[in-house]
Amino acid sequence: MRITKIETLWFRFIGTAQWERANPGSRQALPNNLWVRIHTDDGRIGLGETYYLPRAVASIIHDVYAPLLIGRNPLDIENHWQNMFALVNFCGYAGAEMRAISAIDIALWDLAGQYANQPIFNLLGGRNRERIKIYNTCVGSGRYPDSDLWTGGRAGELAEDLLRQGITAMKIWPFDAYGLTLSGPHQPRAPFKIWGGLSAAGVLSHSIENEDLARGVAIVEDIRKTVGDKMAIAIEGHARWNLPTAKRIARAIEPYDVMWLEEIMPPDNVDAFVQLKASTSIPICQSERVFTRYNMRSWIEKPAADIIMPDFSWGGGITEGRKICSLADTYYLPITSHDTIGPVAVWAAAHLMLSIPNAMIMETVRGYVDGWYNDVVTDRIPIAEGHLTLPLRPGLGTALREDLFTRPNACVEVSTEDTLRELS
């Protein structure tokens, strides 16, 4: 079996009003998602996905990695990973380069599963569990206005609705609204919109007013008053606060038995998180912006985190992801997977989360799973009673819908042996 073609797909951004008229209830997947398909000489197609800066990632795939892959055996996954990483690490790897490796790696594992006629989780050593618990990240999408509910004073009502679906854990970010945004010096706290939506990114904030802290805590309190301890609550920080403020926020929400406090500060100073962890009883979760086992190592060893949340579509794919999970397991730390990205990322993460011994819980967004994900892949990932399972199908278990490639804003690029010869 030889790799004969590498294909990338992403979509140009369409104006929000135009998109909503043509696609009511469906999230515009761009300008952030990229899919890669790796074709072999025996007709197989492996599928991968990553998120953020798709045009840059596509360029790296075709200009840098395609010459390392085309004509070679796709089953040499570890060697391909090492080759790609070594080449880009010569100039620095942790950006679009690693996202490209991640998408390619997932596609190679998909091919390996198809070749062996086994699900990826069986290639990883089989399952440690038949299903994995999920939590809902409360983004609004499609028929689920989740973010409007919890930001609009109805967090308890949202928790009740999730419980009716069997979902017993949720994630919110109640303090983001009081931090600095990207709107500039004249409106430092004004909401910042980009790509048709509000941005979670913001400038590091160095204080929070007492009344704003109380408003954020009130959202958590509403959930507890409404459903008691039936709902686990994770708090996302989006790296918006400095160390003293992070400690204040942690102290304020400690009485509410929070499941974890996630990336409340930028992940650029591990020692600051060591101080935060020592100051609170809330478990500290370190998440997707730490790429590869090399960067995650200090978080685990210091220790600076209680829960490790890699993104397998950002930080190295399945090959690197299982090494991060194994490293965390060495220190008896649990894994929760990051995903507000796309459907292929969920399928890939699910194979690891069913396989590894230290899986805790898996991130999903119900508005995406029941919405735009179904516009992208041929299969809906099975979720029932607050748990996710996978079918016993070869490889990932799903594929891209072919009609994606014919949409008017689709950007498709292909590398083959012929195109490589033209460049040489």
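Residues numbered from 1 in each chain as written. Predicted model: local features only at pLDDT ≥ 70, side-chain atom pairs only at ≥ 80, totals over all residues. Heavy atoms only, no water.

**Points about the state of the cysteines**
- Tallying each qualifying case throughout the model produces zero disulfides.
- No disulfide involves Cys285; its sulfur sits 12 Å from that of Cys325, the nearest cysteine.
- A residue is classified by how much of its surface remains accessible, and Cys285, at 0% relative accessible area, is buried. (Disulfide = S-S within 2.5 Å. Buried < 20%, exposed > 50% of the residue type's maximum accessible area, 1.4 Å probe, protein only.)

**So, the nonpolar core**
- Membership of the largest hydrophobic core comes to 132 residues, with the highest contact counts inside it found for Tyr65 and Ile172.
- Once you skip the residues sitting within four places of it in the chain, Ile172 turns out to touch Cys138, Trp150, Ile219, Val220, Ile223, Ile233, Ala234, Ile235 and Glu236.
- Of all hydrophobic cores here, the second largest spans nine residues; its members include Ala169, Ala234, Trp260 and Cys285. (Core = buried A, V, L, I, M, F, W, Y, C linked by side-chain atoms within 4.5 Å. Contact = heavy atoms within 4.5 Å.)

**Considerations on the sheet that holds strand 1 (residues 3-11)**
- One open sheet accounts for four strands, arranged 3-2-1-16; its pairing is antiparallel. Since the sheet does not close on itself, it has two edges, and those belong to strand 3 (45-51) and strand 16 (410-416), each with one partner. For this sheet the average axis-to-axis angle between neighbouring strands, irrespective of direction, equals 20 degrees.
- When strand 1 meets strand 16, the two strands line up antiparallel, connected through seven bridges. Paired with Lys5 across the strands is Thr416, a residue of strand 16.
- Along the sheet face, helix 13 (residues 343-355) touches strand 2 (33-40) and strand 3 and points at about 105 degrees away from the line of strand 3. (Pairing = 2+ DSSP bridges. Helix = DSSP H or I, 4+ residues; strand = E, 2+ residues; numbered from the N terminus. Axes fitted to C-alpha atoms, helices over the stretch in contact; angles between N-to-C directions.)

**A few points about helix 12 (residues 317-330)**
- A rise of 1.5 Å per residue sets the reference length of helix 12, with its 14 residues, at 20 Å; its end C-alpha atoms lie 20 Å apart and thus fit the reference within 8%.
- Of all the residues in helix 12, the buried ones are Gly317, Ile318, Thr319, Glu320, Gly321, Ile324, Cys325, Leu327 and Ala328.
- After helix 12 finishes, the residue Tyr332 shows a positive phi value of roughly 60 degrees. (Expected span 1.5 Å × (residues − 1).)

**Considerations on the environment of Thr50**
- Within the secondary structure layout, Thr50 lies in strand 3.
- Take Thr50: its relative accessible area is 0%, and that puts it in the buried class.
- Once residues lying within four places of it in the same chain are set aside, the contact partners of Thr50 are Asn32, Asn33, Leu34, Val57, Arg99, Ala103, Ser313, Trp314 and Ile341.
- A polar side-chain atom of Thr50 sits 2.6 Å from the main-chain carbonyl oxygen of Ser313. (Polar contact = N/O pair within 3.5 Å; in protein donor to acceptor, adjacent residues only side chain to side chain.)

**Regarding the pattern of salt bridges**
- Taken as a whole, this structure holds 25 salt bridges when the rule is applied.
- In this structure, the salt-bridge partner of Glu221 is Lys225, at a minimum N-O distance of 3.7 Å. You can see Glu221 and its partner Lys225 sitting in helix 8 (residues 210-227), four residues apart, about one turn around the helix.
- Among the charged side chains, a salt-bridge network with shared partners connects Asp146, Asp161, Arg164 and Arg366. (Salt bridge = Lys/Arg side-chain N within 4 Å of Asp/Glu carboxyl O.)

**Let's talk about the packing of aromatic side chains**
- For the coordinates displayed, the defined rule picks out 12 aromatic pairs.
- Summarising the aromatic geometry, the rings of Phe291 and Trp314 are spaced 6.3 Å apart at their centres and angled 70 degrees between planes, so their arrangement reads as edge-to-face. Here Phe291 is found in the loop between strand 10 (284-286) and helix 11 (292-301), whereas its partner Trp314 is found in the loop between strand 11 (307-308) and helix 12, with 23 residues between them in sequence.
- Judged by relative accessible area, which is 6%, Phe291 ranks as buried.
- Using a relative accessible area of 9% as the deciding quantity, one classes Trp314 as buried.
- Judged by centre distance (4.9 Å) and plane angle (80 degrees), the rings of Trp372 and Tyr373 are edge-to-face.
- Residue Trp372 is classed as buried on the basis of its relative accessible area of 1%.
- Among the aromatic residues, those joined into a cluster by ring pairs are Trp81, Phe85, Tyr93 and Tyr294. (Phe/Tyr/Trp six-rings, centres within 6.5 Å; stacked < 30°, edge-to-face > 60°.)

**Some remarks on the packing of helix 2 (residues 54-69) against helix 3 (residues 77-89)**
- Orientation of helix 2 relative to helix 3, taken along the N-to-C sense of each, is 145 degrees, at an axis distance of 10 Å. Of the two elements, helix 2 crosses helix 3, and the hand of that crossing is right-handed. For the pair formed by helix 2 and helix 3, the contact residues are Val64, Tyr65, Leu68 and Leu69 on the first element and His80, Asn83, Met84, Leu87 and Val88 on the second.
- For the contact of helix 2 with helix 3, the class distribution of residues is seven nonpolar, two polar and no charged. (Left-handed = near helix turned anticlockwise from the far one by under 90°. Nonpolar A, V, L, I, M, F, W, Y, C, P; charged D, E, K, R; others polar.)

**Overview of unusual backbone geometry**
- With an omega of -5 degrees, the peptide bond between Lys302 and Pro303 qualifies as cis.
- In this structure, Pro303 sits in the loop between helix 11 and strand 11.
- Backbone geometry places Tyr52, a non-glycine residue, at a positive phi of 95 degrees.
- Position of Tyr52 among the secondary structure elements: in the loop between strand 3 and helix 2.
- Phi at Asp257 takes a positive value of approximately 50 degrees, unusual for a residue other than glycine.
- Considering the arrangement of structural elements, one finds Asp257 in the loop between helix 9 (243-253) and strand 9 (260-262).

**Observations concerning the pairing of strand 1**
- Across the nine residues of strand 1, seven count as buried, placing the element largely inside the fold.
- Here strand 1 runs beside strand 2; their pairing, made up of six bridges, is antiparallel. From the neighbouring strand, Thr8 faces strand 2, where its bridge partner is Val36.

**Description of the environment of Ala234**
- Mapped onto the elements, Ala234 comes out in strand 8 (residues 232-236).
- Judged by its relative accessible area of 0%, Ala234 is buried.
- For the pair formed by Ala234 and His206, sequence separation is 28 residues and the distance between their alpha carbons is 22 Å.
- In this structure Ala234 touches Met170, Lys171, Ile172, Met259 and Trp260, once residues within four positions along its chain are discounted.

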